[in-house]
Amino acid sequence: MKIEKLLKNRKREQVRKHGKCWLSAVLSLLVLIIGYLFGNVPVPLPDEVEVLQDWDRVKTLFRWKGDSVPDEVLLVNVAYDKQLVDFSKEGIPVGQVPITDRWKLFHFLQQAKEANNYRYILLDVFFEQGYESEIDSALFNLIAHMERITIPKHKDALLQDSILYTQAAYADYLSPWKDTDFVRYQFLYNGQPTIPLRMYDALNKGNIKQWGWLYWSDGWLCQNGVTLKMPIQLSRDYEEVEDKRKYYALYLGADLLDSLTSVSEDIDGKIVVVGDFENDVHDTYLGSQPGSLICLNAYYALVRGDHILRGQGYAIAVFWLLIGILYFLLSYAYLNGFTLTSLTDNPWLKILLSLLGTNFIFWVVAVVAYVSPLNFVYHIWFPIGFFSFQDFVTNIFSTYKSAVQK
């Protein structure tokens, strides 16, 4: 009888262990899936950029940080190329307002169209309805018939002429609930491509497709929203920069149209980004950055494959496999009532180990993922919340079970 009871107890224990293994596998898969869905939201998660900010401070401290613009990019600044146009409110003229000089834009784009030797033109100038100039008809017709060019459109404002919509893509993003810092970029906005995605499609033949809550790119599962790393930044000290074409934005009028070199020579083989690099700026975790550069960094994020879960020669896929294993081990440990503090009876070590909890584990993972060659932004908010809750529930259950047994 004792042997039969012992065998039954062992069998019951094995069933219990197998059950915990299956439950841990299901929970780890659930965390992976929900984490992926959270990764597609258009606003950053709480405390999402702490690792990015800390690492940026480290690079600044050790002077590892350098500004750079890819050789294939030409930045054109229109901040000081302005003209005054009449402006009305509710049909009543109220005065004049400054807009980007559309005559200069026309002359620049006309020469660019004739040369047709540029790779792409991101014309980050918003031609909003209600701001008219004498050159509008010729300028808009020129833009509409150019190749490899995109202009911005916005959800809550109309373009001056409907002919422009064929060349327009969204340049909108949502601000987080906590502050106004820009962190996350969505490539599909309201189901339509944003400027970076349109550029990616034209230059790299890549795209993002949505199937329900899932997003696919190049045949692989991807994320529509990514935490935007911004390796492309501008030097703030214009006078000390020798190669201004590599580290700074050239002025449309003074440096290009009035230059001894031709526009054709300047734009040859270039991705030309035209924008206001002085006034059209947005708060980011790296400080104020021009909106045009944010779009450019988002394009290069697509080129690097930051959105694809396979990215970088399957390294990201291996990373997620290891993360899945970590989720399984944590879940299985909590289901069995195991914690770091149970490793020792020493009260001081217990206090120390209690500090090295779930938060610390995932923070280390996030740092390693970001500073390693992966250069991957791992979102720790949901995993920390989930496993902290599981730990809390497990402790309550264990306390209740101990009380009942007594």
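About the thresholds
Residues numbered from 1 in each chain as written. Predicted model: local features only at pLDDT ≥ 70, side-chain atom pairs only at ≥ 80, totals over all residues. Heavy atoms only, no water. Helix = DSSP H or I, 4+ residues; strand = E, 2+ residues; numbered from the N terminus. Buried < 20%, exposed > 50% of the residue type's maximum accessible area, 1.4 Å probe, protein only. Contact = heavy atoms within 4.5 Å. Areas by Shrake-Rupley, 256 points an atom, 1.4 Å probe, with all protein chains shown as cover. Pairing = 2+ DSSP bridges. Axes fitted to C-alpha atoms, helices over the stretch in contact; angles between N-to-C directions. Core = buried A, V, L, I, M, F, W, Y, C linked by side-chain atoms within 4.5 Å. Phe/Tyr/Trp six-rings, centres within 6.5 Å; stacked < 30°, edge-to-face > 60°. Lys NZ or Arg CZ within 6 Å of the ring centre and 35° of its normal. 1 Å grid on protein atoms, 1.4 Å probe; cavity = no way out; pocket = protein on both sides within 12 Å on 5 of 7 lines; lining within 4 Å. Points joined across faces, edges and corners; volume = space filled by probe spheres on them. Nonpolar A, V, L, I, M, F, W, Y, C, P; charged D, E, K, R; others polar. Left-handed = near helix turned anticlockwise from the far one by under 90°. Parallel < 35°, antiparallel > 145°, perpendicular 65-115°, else oblique.

**Examining the overall build of the protein chain**
So, point 1. Along its length, the protein chain carries 13 helices and 17 strands.
So, point 2. Per-residue burial for the protein chain yields a buried fraction of 42% across its 406 residues.
So, point 3. Taking as baseline every contact in the protein chain between residues at least 6 positions apart, the subset at least 24 positions apart corresponds to 70%.
So, point 4. Summed over its atoms, the accessible surface of the protein chain is roughly 22100 Å², and 59% of this surface lies on carbon and sulfur atoms.

**Examining the sheet that holds strand 14 (residues 250-251)**
So, point 1. Across the sheet, six strands lie side by side as 6-5-4-15-1-14; this open sheet has parallel pairing. A single partner strand is all that each edge strand has here, and the edge strands are strand 6 (168-170) and strand 14.
So, point 2. Set on the sheet, helix 3 (residues 102-115) makes contact with strand 4 (120-123), strand 5 (149-153) and strand 15 (271-275); between it and strand 4 the angle comes to about 165 degrees.
So, point 3. Packed onto the sheet, helix 5 (residues 195-204) meets strand 4, strand 5, strand 6 and strand 15 and runs at close to 170 degrees relative to strand 4.

**With respect to the nonpolar core**
So, point 1. Core analysis: the largest hydrophobic core is formed by 43 residues, its most contacted members being Leu75 and Ile271.
So, point 2. Residue assignment for this core shows that the elements contributing at least two residues are strand 1 (73-77), strand 4, helix 5, strand 15 and helix 9 (291-304).
So, point 3. By residue number, the principal contributor to this core is helix 9, which donates nine residues.
So, point 4. Each residue touching Ile271, except ones within four places of it in the same chain, is listed here: Glu72, Val73, Leu74, Arg119, Tyr120, Met199, Leu203, Tyr299 and Tyr300.

**Quick word on the packing of aromatic side chains**
So, point 1. In the structure shown here, the tally under the stated rule is 17 aromatic pairs.
So, point 2. For the ring pair Tyr185 and Phe187, a centre distance of 6.0 Å and an interplane angle of 35 degrees mean the geometry is tilted. In terms of burial, Tyr185 and Phe187 fall into one category: buried.
So, point 3. Seen from their ring centres, Phe362 and Phe387 are 6.0 Å apart, and the 25 degrees between their planes marks the pair as stacked. Residue Phe362 is found in helix 12 (residues 358-371), and its partner Phe387 is found in helix 13 (residues 381-405); the two are separated by 25 residues along the sequence. Across the pair, exposure class does not vary: Phe362 and Phe387 are buried alike.
So, point 4. Here the basic side chain of Arg148 rests over the ring of Tyr118, its NZ or CZ set 4.6 Å away from the ring centre.
So, point 5. Lying over the aromatic face of Tyr170, Lys153 brings its terminal NZ or CZ to 4.7 Å of the ring centre.

**Remarks on the layout of surface pockets**
Any space left empty among the atoms is revealed by the rolling of a water-sized probe across them.
So, point 1. Approximately 640 Å³ is the volume found for the largest pocket.
So, point 2. As for the largest pocket, its lining consists of 27 residues, and the residues nearest its centre are Asp124, Val125, Phe126, His154 and Asp280.
So, point 3. Elements represented by at least two residues in the lining of the largest pocket include exactly strand 3 (92-100) and helix 9.
So, point 4. Among the elements that make up the lining of the largest pocket, the one with the highest residue count is strand 3 (four residues).
So, point 5. Along the lines of polarity and charge, the residues of the lining of the largest pocket split into 15 nonpolar, five polar and seven charged.

**Structural notes on the pairing of strand 17 (residues 287-290)**
So, point 1. Looking at chain direction, strand 16 (residues 281-284) and strand 17 are connected through four bridges and run antiparallel. Paired with His282 across the two strands is Gln289, which belongs to strand 17.

**Description of the packing of helix 3 against helix 4 (residues 136-144)**
So, point 1. Relative to each other, helix 3 and helix 4 sit at 35 degrees, their axes nearing to 10 Å. Both helix 3 and helix 4 take part in a crossing whose hand is left-handed. Residues Arg102, Leu105, Phe106, Leu109, Gln110 and Lys113 of helix 3 lie in contact with helix 4, whose contacting residues are Asp136, Ala138, Leu139, Phe140, Leu142 and Ile143.
So, point 2. Along the lines of polarity and charge, the residues of the contact of helix 3 with helix 4 split into eight nonpolar, one polar and three charged.

**Section: the packing of helix 5 against helix 9**
So, point 1. Running from amino to carboxyl end, helix 5 crosses helix 9 at an angle of 50 degrees, the nearest separation of the two axes being 9 Å. Comparing the axis directions of helix 5 and helix 9 gives the class oblique. Both helix 5 and helix 9 take part in a crossing whose hand is right-handed. Contact with helix 5, carried on its side by Pro196, Leu197, Met199, Tyr200, Leu203 and Asn204, involves Cys295, Ala298, Tyr299, Leu302 and Val303 of helix 9 and no other residues of that element.
So, point 2. Residue composition of the contact of helix 5 with helix 9, by class: 10 nonpolar, one polar and no charged.

**Some thoughts on the sheet that holds strand 12 (residues 220-222)**
So, point 1. With antiparallel pairing, the three strands of this open sheet are ordered in space as 10-11-12. Unpaired on one side and paired on the other, strand 10 (209-211) and strand 12 mark the two borders of the sheet. Taken over all neighbouring pairs, the strand axes of this sheet differ in orientation by 45 degrees on average, direction set aside.
So, point 2. Both strand 10 and strand 11 (residues 214-217) contribute to a ladder of three bridges, which runs antiparallel. Within strand 11, the position partnered with Gln210 by the bridge is Tyr215.

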